[in-house]
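# Observations on the three-dimensional arrangement
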Amino acid sequence: MTDKPTNEEFLQQADPMRRELLAHCYRMMGSVHDAEDLVQETYLRAWRAYEGFEGRSSLRTWLYRIATSACLTALDSRSRRPLPTGLGAPSTEPTAPLVSDHEVPWLEPVPDALAGVGGDDPATIVAGRESIRLALIAALQHLPPRQRAVLVLRDVLKWKAAEVAEALETSTAAVNSILQRARAELNEVQPSLDDPVEPLSAEQRAQLDRYVAAFENYDVDSLVHLFTKDAVWEMPPFVGWYQGPEAIMELTRTQCPAEGPGDLKLVPIAANGQPAFAVYHRENGVYRQFAIMVLTFAGEQVKHVGMFFEESLFETFGLPSTLEGSTTK
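The sections below set out a description of the structure shown in this document.

### Quick word on the pattern of salt bridges
By the definition in use, this model includes 11 salt bridges. Across the pair Glu 41 and Arg 45 runs a salt bridge, and its minimum N-O distance is 3.0 Å. On the criterion of helical spacing, the pair formed by Glu 41 and Arg 45 is a turn pair, its members being 4 residues apart in helix H3 (residues 32-49). Here Arg 253 and Glu 250 are joined by a salt bridge, their closest N and O atoms 3.8 Å apart. Of this pair, Arg 253 and Glu 250 both sit in helix H12 (residues 245-255), 3 residues apart, which is roughly one turn of that helix. In this structure Glu 250 comes out as partly exposed when scored by relative accessible area, which is 28%.

Right, here's the structure in full:
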């Protein structure tokens, strides 16, 4: 007889780790949908292999090893997930026709609740926000899969080099070499893993209120004061990206389907540890799902907006496709 847990006990112990494993797979894949599939694959593999689990490492470490392996296998046949700025083209004129590309596997935002950003431990909350923020996930997509895995395991999960080497079936020297290259490449695209993520200040929250009011009241002129001078606006699956408050204002005037006050409604949500909104557009008196918007602040101004026009994300965030109480013009 052994004290090894039964399969039922295994599931009881493993299930609380589901959200942190999803966050890990999301960092690797850049897609919440892919991450959910790979977490399911991880638990299936673990269930099948559990009889051979000898307890030489913790259950958590074992599951992370399986999840990392599943991600690397999946990445063998998949392209990286960029944002429009990651395609290498210059910024776009705001009045130019919008061009979409549904063949590109675009980066996706992740709900904080699915990625486990929450709880009562402030240190855990901050660490979670830092490791899933949109700019970092976009930057990780520039790394080859194996470099991405080593960087995440070493610098996010704080594994020892020997643990990573065992997980990836390589040498400690190889892990250290891969990590050095990964850090160098990440520094080229920014941001750093060490960039702080602070809770919103009172002024930032007030600025966020002004931002919502500007869009819901269709007060486009107010936007110029809300963005940094080099602010970037991008909105996959459209391939263009736009830089500067004036370009963002012109884009809103000429390309946004809203025509006046009340045509847009912004519902606060939590994505990538950042301020975010579900945007609804009024059509024939009904507010219908439009886009998921994720904001990044620099000081007291917005420096980046990601608008994600993927309708399935509304279901991922647990949002309705239409809003109750919609009104006619």
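### Side note on the environment of Thr 322
Note on placement: Thr 322 falls in the segment after helix H13 (312-316). Accessibility expressed as a relative area gives 32% for Thr 322, which makes it partly exposed. Non-local contacts of Thr 322, meaning those with residues more than four positions away in its chain, are made with Tyr 280, Val 286, Tyr 287 and Arg 288.

### As for the sheet that holds strand S3 (residues 264-271)
Strand order in the open sheet formed by 6 strands is S2-S1-S6-S5-S4-S3, and the pairing between neighbours is mixed. Edge positions in the sheet fall to strand S2 (241-243) and S3, since each of these pairs with one other strand and no more. The mean angle between the axes of side-by-side strands here comes to 20°, regardless of whether they run parallel or antiparallel. Packed onto the sheet, helix H11 (residues 202-216) meets strand S1 (227-234), S3, strand S4 (274-283), strand S5 (286-298) and strand S6 (301-308) and runs at close to 145° relative to S3. Seen against the sheet, H12 touches S1 and S2 and runs at an angle of roughly 45° to S1.

### A look at the pairing of S3
Here S3 pairs with S4 via 8 bridges, running antiparallel. Bridge pairing in S4 links Leu 264 to His 281.

### With respect to the nonpolar core
Among the nonpolar cores identified, the biggest contains 72 residues, and Trp 62, Leu 63 and Ile 292 are the most heavily contacted of them. No other element matches helix H4 (residues 59-75), which puts 11 residues into this core. Filtering out sequence-adjacent residues up to four positions away, Leu 63 remains in contact with Phe 10, Ala 14, Met 17, Leu 21, Thr 42 and Ala 46. Of all hydrophobic cores here, the second largest spans 29 residues; its members include Val 212, Leu 223, Trp 233 and Met 293.

### Regarding the packing of aromatic side chains
Evaluation of the coordinates by the stated rule reveals 9 aromatic pairs. Measuring from centroid to centroid gives 6.4 Å for Tyr 64 and Trp 159, while their planes differ by 75°, and the two rings are edge-to-face. Taken together, the residues span a long stretch of sequence, with Tyr 64 in helix H4 and Trp 159 in the loop between helix H8 (145-156) and helix H9 (161-168) at a distance of 95 residues. For the pair Tyr 64 and Trp 159, a shared accessibility class is recorded, and that class is buried. A centroid spacing of 5.7 Å and a plane angle of 80° characterise the contact between Phe 238 and Phe 309, whose relative ring orientation is edge-to-face.

How each quantity is defined
Residues numbered from 1 in each chain as written. Predicted model: local features only at pLDDT ≥ 70, side-chain atom pairs only at ≥ 80, totals over all residues. Heavy atoms only, no water. Salt bridge = Lys/Arg side-chain N within 4 Å of Asp/Glu carboxyl O. Helix = DSSP H or I, 4+ residues; strand = E, 2+ residues; numbered from the N terminus. Buried < 20%, exposed > 50% of the residue type's maximum accessible area, 1.4 Å probe, protein only. Contact = heavy atoms within 4.5 Å. Pairing = 2+ DSSP bridges. Axes fitted to C-alpha atoms, helices over the stretch in contact; angles between N-to-C directions. Core = buried A, V, L, I, M, F, W, Y, C linked by side-chain atoms within 4.5 Å. Phe/Tyr/Trp six-rings, centres within 6.5 Å; stacked < 30°, edge-to-face > 60°.

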